[in-house]
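Close look at the chain arrangement
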Amino acid sequence: MRTRAIRLISLAAAVLFATTACGGGRDGDSGGTIGQGDCKGQQTTGITDTTIKIGGAYPLSGPASAYAELPKGIRAYFDYVNAEKGGIDGHKVEYLVRDDGYQPPKTVEEIRRLVEQDQVFAVFQTLGTPTSSAVWDYLNQRQVPQIFVAGGATQWGADTAHPWTIGWQPSYLAEGQVFAQYVRQQKPDAKVAVLYQNDDFGKDLLSSFTKNVAGSGVSIVAEQSYEATDPTVEPQLRNLANSKADVLLNFATPKFAAQTLAADARNIDWNPLHILTVVSNPMTTLKPVGLENVQGIVSAAFLKDPADPQFANDAAVRLYREKLAQYAPGADPTNQYTTSGWAVAESFAKTFEAAKCKTREGLRDSVRALNDVTIDLMLPGITLKTGPGDAFPLEAMRIQKFEGDRWVLNGDVIRTSK
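What counts, and at which threshold
- Residues numbered from 1 in each chain as written.
- Predicted model: local features only at pLDDT ≥ 70, side-chain atom pairs only at ≥ 80, totals over all residues.
- Heavy atoms only, no water.
- Axes fitted to C-alpha atoms, helices over the stretch in contact; angles between N-to-C directions.
- Helix = DSSP H or I, 4+ residues; strand = E, 2+ residues; numbered from the N terminus.
- Parallel < 35°, antiparallel > 145°, perpendicular 65-115°, else oblique.
- Left-handed = near helix turned anticlockwise from the far one by under 90°.
- Contact = heavy atoms within 4.5 Å.
- Nonpolar A, V, L, I, M, F, W, Y, C, P; charged D, E, K, R; others polar.
- Buried < 20%, exposed > 50% of the residue type's maximum accessible area, 1.4 Å probe, protein only.
- Polar contact = N/O pair within 3.5 Å; in protein donor to acceptor, adjacent residues only side chain to side chain.
- Right-handed = clockwise from strand over helix to strand, strands pointing away.
- Pairing = 2+ DSSP bridges.
- 1 Å grid on protein atoms, 1.4 Å probe; cavity = no way out; pocket = protein on both sides within 12 Å on 5 of 7 lines; lining within 4 Å.
- Points joined across faces, edges and corners; volume = space filled by probe spheres on them.
- Salt bridge = Lys/Arg side-chain N within 4 Å of Asp/Glu carboxyl O.
- Phe/Tyr/Trp six-rings, centres within 6.5 Å; stacked < 30°, edge-to-face > 60°.
- Lys NZ or Arg CZ within 6 Å of the ring centre and 35° of its normal.
- pLDDT = per-residue confidence, 0-100.
- Core = buried A, V, L, I, M, F, W, Y, C linked by side-chain atoms within 4.5 Å.
- Expected span 1.5 Å × (residues − 1).

1. Quick notes on the packing of helix α3 (residues 104-117) against helix α4 (residues 129-141)
Between α3 and α4, the shortest axis-to-axis distance is 8 Å and the interhelical angle comes to 40°. Judged on the interaxial angle alone, α4 and α3 are oblique. At the point where α3 passes α4, the crossing takes the right-handed sense. Together, P104, T107, V108, I111, R112, V115 and E116 of α3 and P130, T131, A134, V135, Y138 and L139 of α4 make up the contact between the two elements. Here the residues of the contact of α3 with α4 sort into 9 nonpolar, 2 polar and 2 charged.

2. Let's talk about the environment of T253
Here T253 is to be found in the loop between β8 (247-251) and α9 (254-266). Taking the relative accessible area as the measure of exposure, T253 reaches 7% and is therefore buried. Distance in space between the C-alpha atoms of T253 and T277 is 8.2 Å, their sequence separation being 24 residues. For T253, the contacting residues outside a window of four places in its chain are Y67, Y102, Q197, F201, Y226 and S280. A polar atom in the side chain of T253 sits 3.0 Å from the side chain of Q197.

3. Here's the deal with the pairing of strand β6 (residues 191-197)
Along a regular strand, successive side chains alternate from one face of the sheet to the other. Of all 7 residues that make up β6, 6 are buried, and the element is covered over most of its length. At this point the chain moves from β6, through helix α7 (residues 200-213), to the parallel strand β7 (residues 219-226), and the crossover so formed is right-handed. In this sheet, β8 lies alongside β6 in parallel orientation, the contact comprising 5 bridges. Across the sheet, V194 pairs through a bridge with L249, a residue of β8.

4. A word on empty space enclosed by the protein
Any space left empty among the atoms is revealed by the rolling of a water-sized probe across them. On inspection of all chains with the given rule, the structure shows 5 cavities of 30 Å³ or more. By volume, the largest cavity amounts to about 430 Å³. Lining the largest cavity are 30 residues, with Q169, V278, V279, Y337 and S340 positioned closest to its centre. Secondary-structure elements contributing two or more residues to the lining of the largest cavity are β10 (298-301) and α12 (336-354). Broken down by element, the residue count for the lining of the largest cavity peaks at 4 residues, all from α12.

5. Focus: the pattern of salt bridges
Per the counting criterion, the structure on display carries 15 salt bridges. The salt bridge partner of K323 is E84, with a shortest N-O separation of 3.0 Å. Of this pair, K323 sits in helix α11 (residues 315-327) while E84 sits in helix α2 (residues 69-84); the two residues are 239 residues apart in sequence, bridging distant segments of the chain. Among the ionic pairs, R113 bridges to E110, the shortest N-O distance being 3.2 Å. Of this pair, R113 and E110 both sit in helix α3, 3 residues apart, which is roughly one turn of the helix. Classification of R113 by relative accessible area gives partly exposed; the value is 35%. Among the charged side chains, a salt-bridge network with shared partners connects K106, E109, E110 and R113.

6. A short note on the packing of aromatic side chains
Applying the stated rule across the entire model yields 18 aromatic pairs. Grouped by ring-pair contacts, the aromatic residues Y77, F78, Y80, Y95, F121, F124, Y320, W342, F348 and F352 constitute a single cluster. Lying over the aromatic face of F352, K358 brings its terminal NZ or CZ to 4.8 Å of the ring centre. Across from the ring centre of W164, 4.6 Å away, lies the NZ or CZ of R364, which sits over that ring.

7. Examining the confidence of the model for the protein
The predicted coordinates ought not to be read in detail in places where the model reports low pLDDT. Overall, the predicted model of the protein reaches an average pLDDT of 90, with 91% of residues at or above 70. In the model, residues 1-32 has pLDDT below 50 throughout and makes 65 contacts with residues more than four positions away in sequence or in other chains.

8. Focus: the packing of α2 against α12
The contact between α2 and α12 brings their axes to 6 Å, and the two run at 45°. By the angle between their directions, the pair α2 and α12 is classed as oblique. As α2 runs across α12, the sense of the crossing is right-handed. From α2, E69, L70, G73, I74, A76, Y77, F78 and Y80 reach across to α12, where they touch Y337, T338, S340, G341, W342, V344, A345, E346, F348 and A349.

9. Some thoughts on the nonpolar core
By size, the foremost hydrophobic cluster in this structure holds 92 residues, and its most contacted members are F78, F124, W168 and F348. Among the elements that make up this core, the one with the highest residue count is α12 (8 residues). The residues touching F348, leaving out its near neighbours within four places in the chain, are I52, I54, F78, I88, F124, I147, F148 and L363. Counting 25 residues, the second largest nonpolar core, distinct from the first, contains A222, V233, F256 and A263.

10. Describing helix α6 (residues 172-186)
Counted at 1.5 Å a residue, the expected span for α6 with its 15 residues is 21 Å, and the 21 Å between its end C-alpha atoms agrees. The element α6 is largely enclosed, with a buried count of 11 among its 15 residues. Buried within α6 are the following residues: Y172, L173, A174, E175, G176, Q177, V178, F179, A180, Y182 and V183.

Written as C-alpha cells, this is what we have:
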C-alpha cells in the first residue's frame with residue numbers, strides 16, 4: 001500500500017508539470033514545472049524564477065538535541081543573503097526545519113511531509129546516520145536531492161546506488177585516519193580503549209582507526225558500545241577503565257560524550273589521552289563537564305573557531321558574528337554547530353550558483369563537480385572538492401587540543417585518502 005501510494009503521488013505531481021524555461025518559472029500550481037532548453041525535462045518542483053524552497057530534519061528534541069543549534073546557523077545565513085544579497089543567484093530561500101527527535105520513523109514522516117506536502121526543491125541536510133539512512137532510498141526513488149547530509153558515514157560518499165545523496169563534513173573514515181596518525185606519532189606503543197555508538201557512526205570511526213593502526217605498535221585492548229537510547233554509558237566506562245589503556249577514543253554523540261568526559265575526570269586512577277570525535281567537540285558538550293575537567297583532550301577541526309583569538313580580526317568570522325547577532329539573536333557564535341550551519345549554508349549557496357541548470361538534476365550534478373570551492377569559515381587550505389569517483393566534499397582536517405577555555409590548533413592540515 002505504501003509503495004502504491006508513493007506511485008500515485010508521483011503520478012499526480014507529474015500531471016501538474018508544465019512547460020517553462022530552464023531557470024524554472026512556475027505556472028501557479030503546487031507541483032512545479034519541467035525545464036526547457038538545455039535543461040529540458042528536468043525537475044523544477046520547489047523553485048521559481050525568484051524563490052527556492054528547501055527543508056531538512058534535525059533532532060530539535062530528544063537525546064541528540066544539542067544539534068538543534070545547527071539549523072540556527074543555517075537559517076541566519078539564508079536570512080542574511082535573502083535580506084542583503086537578493087537571495088542565492090536571485091532566488092530568495094524558504095528554509096523549512098522539521099524535528100525528528102533523532103528517531104528514524106519520525107525522520108521518514110517529516111521528510112515525506114517536506115517532499116509531498118511542502119514540495120521542497122531539495123532536502124538540505126538530514127542529521128544523523130540512522131535517520132538519514134531511513135530516507136535515502138525514498139529520496140533517490142523520488143529523485144529529490146538529499147544534499148550535504150549532516151553526518152560523516154562513509155556511505156554518503158562511497159555508495160554509487162544513491163546519486164541524489166551526498167554528505168558534506170569529513171567522513172568518519174577520514175576522521176579515523178587522522179586520529180590514528182596522531183596516536184601513532186604521539187604514543188607509538190599505545191594501548192587503546194574505545195567507546196562507540198552502536199551504529200554506522202561509531203562503527204565507521206572504529207573500523208577506520210583500527211585499519212590505520214594495523215601493523216604499528218598501537219593496539220586496541222578494550223571496546224565498549226552503547227545504544228542511542230541508553231540512559232547512560234557509566235557501566236561501559238568502568239569496563240574501559242579496567243583496561244588501563246593509554247588512550248581513550250570517545251566516539252559518542254554529545255550527551256554520551258559529555259558523560260564519558262565526566263566519568264574520565266572523576267577517575268583519578270586512570271589518565272588516558274582522551275580523543276573526542278568532531279561531532280561532539282563544541283563547547284555545549286564541554287561546558288557542562290567543567291572546562292577544568294577537559295584540559296588536554298584532543299579532537300580535530302576543519303572550521304575556524306570564532307572563539308580563537310587568532311581569528312578575532314578574520315573578515316569571515318567578523319561577518320559571521322555580526323550577521324548571526326542580527327538574524328539569530330541569542331544564538332551563540334562560538335558554538336561550533338552554529339558555525340557549521342553557517343558554513344554548510346554557504347556551501348549550498350555556492351553549489352547552487354554553480355549549477356548550469358536551476359533544477360533538481362542541476363543541483364545533483366553541481367554538488368558532484370565542486371572544484372576547490374572556498375568556504376569563508378573553513379580553515380585555510382581546506383576546500384570543497386568532488387569529481388568523477390569522488391563524492392567526499394571535505395577530506396582534510398587539523399588536530400586541535402583543548403587548553404584553558406578554548407581549542408588550540410596543533411600541526412598542519414592533514415589530507416586523507418578515500
